[in-house]
Every structure is written in C-alpha cells, then in structure tokens.
Amino acid sequence: MIRAHQPGSQPIDVPETIPNPAIPRTVPTPEPRPSEPIKVPAPQHLLCFSSSCPARDEVR
Amino acid sequence: MSYAYRSQDLFSLLQTKAPVAGATLAANFRRNEYGLLSVGLKIHCLDNGEKFKELIEGLGGASRILEVNYFKDARASLCLVLPPVGSATSAIHLIQCIEQYTGSPVFANRQIQLQFCSPGRLSARASALLGITFYLGSDTLRRYTQADLRTTFESSFNHPRGVRLVLYDAEGDFDRNFTWWNYCGAAEPELPFVNGRTDLLIGPGSRLDIENVNLVATLLVHSEYDGYWSGLGQEFRAEMELILKHHILAGLLDVPWVRQSWAQFGDDDRFFAALQELVAYAYGESTRVKQRRPLLFGMWRNVQTGSPNGILEEVQGLLFKYRKAIERQSRLVTHAGGAS
C-alpha cells in the first residue's frame, strides 16, 4: 500500500492490487457434507422372541 | 526458450505426486483446442525458490536446468522454463500439477511471476493491444513499478528487451510441433514460424489470465500471419481500438509496448508512462463501478454520468464474445472434416 497525496489534500490509499469489479466473484461451493446415516428402526418381529407374536411365522 | 530436460521426464516426475492429472497431461499435452495457439510458460521465483528444489533436482539439478538460461526477472532467484503445451487448458493443468507437487500455490502467488509465451512475433501495435487487453481483462488490476518489469535482458548487447510488459524472444530453442489452423481451416502439423515468440509478463497470474492471453494472442497472431482466425482477429482489433478511442485511450497504442530493434532513447519511460495512465484509468473505473449502488426493487443507478458500461465491462464483453465465436465456428470446421 502506498499513499499518494499533495499537501493540504486527503491522503489517497492506492492498493497494489484490486479485484476487477467487472468479473463476478465466484464463491467456491462448499463440498457436500456426508449425510448423516439414517437410523431405521428394525422391524419389531425380527427382534421379537415371543412365541405368541403373530409376525414370527411371516419371516420364517 | 531453453529447457534442458524432456517434457516426458517432467510429466513422469509430476505423476509421482499427482498421478491422475499428471497422466492426463502426459497423454494430451500437444492436443489443440479450437485452433488456438500453443502456450509456453516461465516461472520466475522471487523468494529463495526452496519449494522448487525437489522438482529441479528430479529434473537433473540446478546447474543443468536453470543455469542454461541467462534470462529471468531481475529480482528472481530462479526462472523455471516449462515445456510448451498445446492449449491453455493443458497449461493450467501443468501449473496445477506443479502446485500439487511442490505443495505451494503458483497462481495468485505474489512471490511467483508468470511469463506467458506465444509463438509468433507480433507487430508493435498488436503487442500494445495484447498488453492492454490482458491488463483490462485480468481478474486482478495491478499497480506496477519499473522494477516489476526489469529482466536480465533489459540492456543485453545482442537482445536488449528494455523495461516492458511485452517481450520478444531471444532466438532460442523453438518447438514448432503444434497444430496450426491455416487460412482454409486445415490443421497443419507445424507452426508456420521457424522461430519467434511474443511474451507477456503477467506477474502473479491466474487461470483466467492464461485463457485470456491465449485467446487474444491467437486472434492477433492469426490476423498478422494469415491464420484461420484472421477475419475474427481483424474484427477484434477494430473493436478493441474503438473501445480505446471512446475512452480517449487510443494514444496508448502509439507507445512502444515492445522493444523493437529501432528503439529510441527514452522509450522505456514513454511506455511506462502509458502503462501508468492505463492503470490509473482502470483504478478510477473500478471506483466508479463500485459506486453503482443497488436501489430498491433491484433497480441499478449509475451514480456518475458517462459510459453506462465502463471499459472493464466492455473488455469482458469483448473477450466473452470472441471466445464464444471461436468455440462456435471451430465446431463448424471440425464437423466439416477440416482441422481437428
């Protein structure tokens, strides 16, 4: 950064580089996060050991 | 442009750390795109160049790779000459592979000055158009000091290049084995130049800079050497000159942007004054564009009177228009069984 000014005037900041305003800035798209594993409840009849459960026969 | 190693050796070395990109590059580095010119690059390293040490050792060591070249940025610790490639895309991939190999950025790195090399020597006026269009079309507007443009060939006895943004070659090695689309649209296997380049010191460059300079250099070289894009090149020159005239910058074209053999005393200063005028105009333009504030309901208002589309937007529009024209027209050529 340099400052160029004449006596009595406001100092002007002249940066070494500035982005060209005619070029739209491209914001990098964030990488997609891995989706959370979805917990699916196990079918009740697979966990059921009751001999009276009516669904037991269906899975056998 | 001397590089004392085989391009395949460089690609093999890059593949050790960038296997996929390096292999793709090795297989396609001579491939032409849309009949545009081949691309050469030089990397001037302003710091101690430590990050390139492993790469240089792998290619045969500094004494073999670097010291064959006397030419470099006057402030640089080293200048690494890369092998020319067939397209801007390959040039960008090559830089990306080097970034991956060294683990350090090359694009937009203030310690790295890129030099872009195009085959064919342009006239003084076309060199001015190349330099001006590069500057206004870049994604970064830069201020310059003369130190930014000094090279070891500034006052060379045989090949003095002065203090300029645009430089001619020093009649070194030249790889002609790249496709050239001739006036009829046929792909010739060799460039029509036995020797001769026009180079541009693009500084800390970007991908867009490489694409833009390749496009503009192609249009200008074809317009002066009767290539397939000669007609488009002439139109481009006329439109660019008109833009400069509208902005009262046409006088910039009369300044020696490249050092010719008949250069006069004081030409370096005349060029630098013109460059500073261009920089000041672009910086002022940037401020004006920022002052365009959005009003309610998405309406825009120009705070200042004058050209509704400033020179920066006009040059972007021009580059976009000619890039699309080349892409569109090249499809017709390839479909008709001409160049490929």
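As a reminder, the structure under discussion sits directly above these lines.
Just so we're clear, the structure is a prediction, and the values are computed from it rather than from any experiment. (Residues numbered from 1 in each chain as written. Chains lettered and ligands numbered in written order. Predicted model: local features only at pLDDT ≥ 70, side-chain atom pairs only at ≥ 80, totals over all residues.)

Observations concerning the overall build of chain B
And step 1. Of regular secondary structure, chain B possesses 10 helices and eight strands.
And step 2. The globule rule puts the C-alpha radius of gyration for 340 residues at 20 Å, and the 20 Å found for chain B is close to it.
And step 3. If you line up chain B on its principal axes, its C-alpha atoms span 60 × 50 × 50 Å.
And step 4. A total of 340 residues make up chain B; the buried ones form 43% of that total.
And step 5. In chain B, of all internal contacts separated by at least 6 residues, the share reaching a separation of at least 24 is 76%. (Helix = DSSP H or I, 4+ residues; strand = E, 2+ residues; numbered from the N terminus. Rg over C-alpha atoms; globule rule 2.2 N^0.38 Å. Buried ≥ 20, exposed ≤ 12 C-beta atoms within 10 Å, placed from the backbone. Contact = placed C-beta atoms within 7 Å.)

Quick look at the packing of helix α1 (residues 7-15) of chain B against helix α2 (residues 19-28) of chain B
Residues and elements named next belong to chain B.
And step 1. Orientation of α1 relative to α2, taken along the N-to-C sense of each, is 160°, at an axis distance of 7 Å. Taken together, the axes of α1 and α2 lie roughly antiparallel to each other. Regarding α1 and α2, the two cross each other, and that crossing is left-handed. Taken together, the residues of α2 that come into contact with α1 (itself represented by Gln8, Phe11, Leu14 and Gln15) are Pro19, Gly22, Ala23, Leu25 and Ala26. (Axes fitted to C-alpha atoms, helices over the stretch in contact; angles between N-to-C directions. Parallel < 35°, antiparallel > 145°, perpendicular 65-115°, else oblique. Left-handed = near helix turned anticlockwise from the far one by under 90°.)

Here's the deal with the interface of chain A and chain B
And step 1. Counting residues at the interface gives nine residues for chain A, matched by 13 residues for chain B.
And step 2. By residue number, the principal contributor to the side of chain A that touches chain B is strand β3 (residues 17-19) of chain A, which donates three residues.
And step 3. Grouping the constituent residues of the side of chain A that touches chain B by class yields six nonpolar, two polar and one charged.
And step 4. Summarising the sheet, β3 of chain A and strand β4 (residues 140-142) of chain B pair through three bridges and their orientation is antiparallel. Bridge assignment links Thr17 of chain A to a residue of β4 of chain B, and that residue is Arg142 of chain B. (Nonpolar A, V, L, I, M, F, W, Y, C, P; charged D, E, K, R; others polar. Pairing = 2+ DSSP bridges.)

A short note on helix α8 (residues 230-246) of chain B
All names here are of chain B.
And step 1. With 17 residues, α8 should cover 24 Å at 1.5 Å per step; its first-to-last C-alpha distance of 24 Å lies within 8% of that length.
And step 2. Within the sequence span of α8, burial applies to Gly233, Phe236, Met240, Ile243 and Leu244. Taken around the axis of α8, the buried residues stretch over an arc of 95°, which confines them to a single face. With respect to the buried face of α8, the exposed residues turned more than 90 degrees away are Ala238, Lys245 and His246.
And step 3. Two residues or fewer past α8, Ile248 is found with a positive phi of approximately 55°. (Expected span 1.5 Å × (residues − 1). Arc of directions from axis to C-beta.)

Some points on the sheet that holds strand β1 (residues 40-45) of chain B
Residues and elements named next belong to chain B.
And step 1. The strand order across the open sheet built from five strands is β2-β1-β3-β8-β5, with neighbouring strands paired in antiparallel fashion. Here the strands that pair on one side only, and so sit at the sheet edges, are β2 (78-81) and β5 (166-168). Adjacent strand axes in the sheet meet at a mean angle of 25°, parallel and antiparallel pairs treated alike.
And step 2. When β5 meets strand β8 (residues 197-203), the two strands line up antiparallel, connected through three bridges. From the neighbouring strand, Tyr168 faces β8, where its bridge partner is Thr198.

Purely geometric numbers; function is a separate question.
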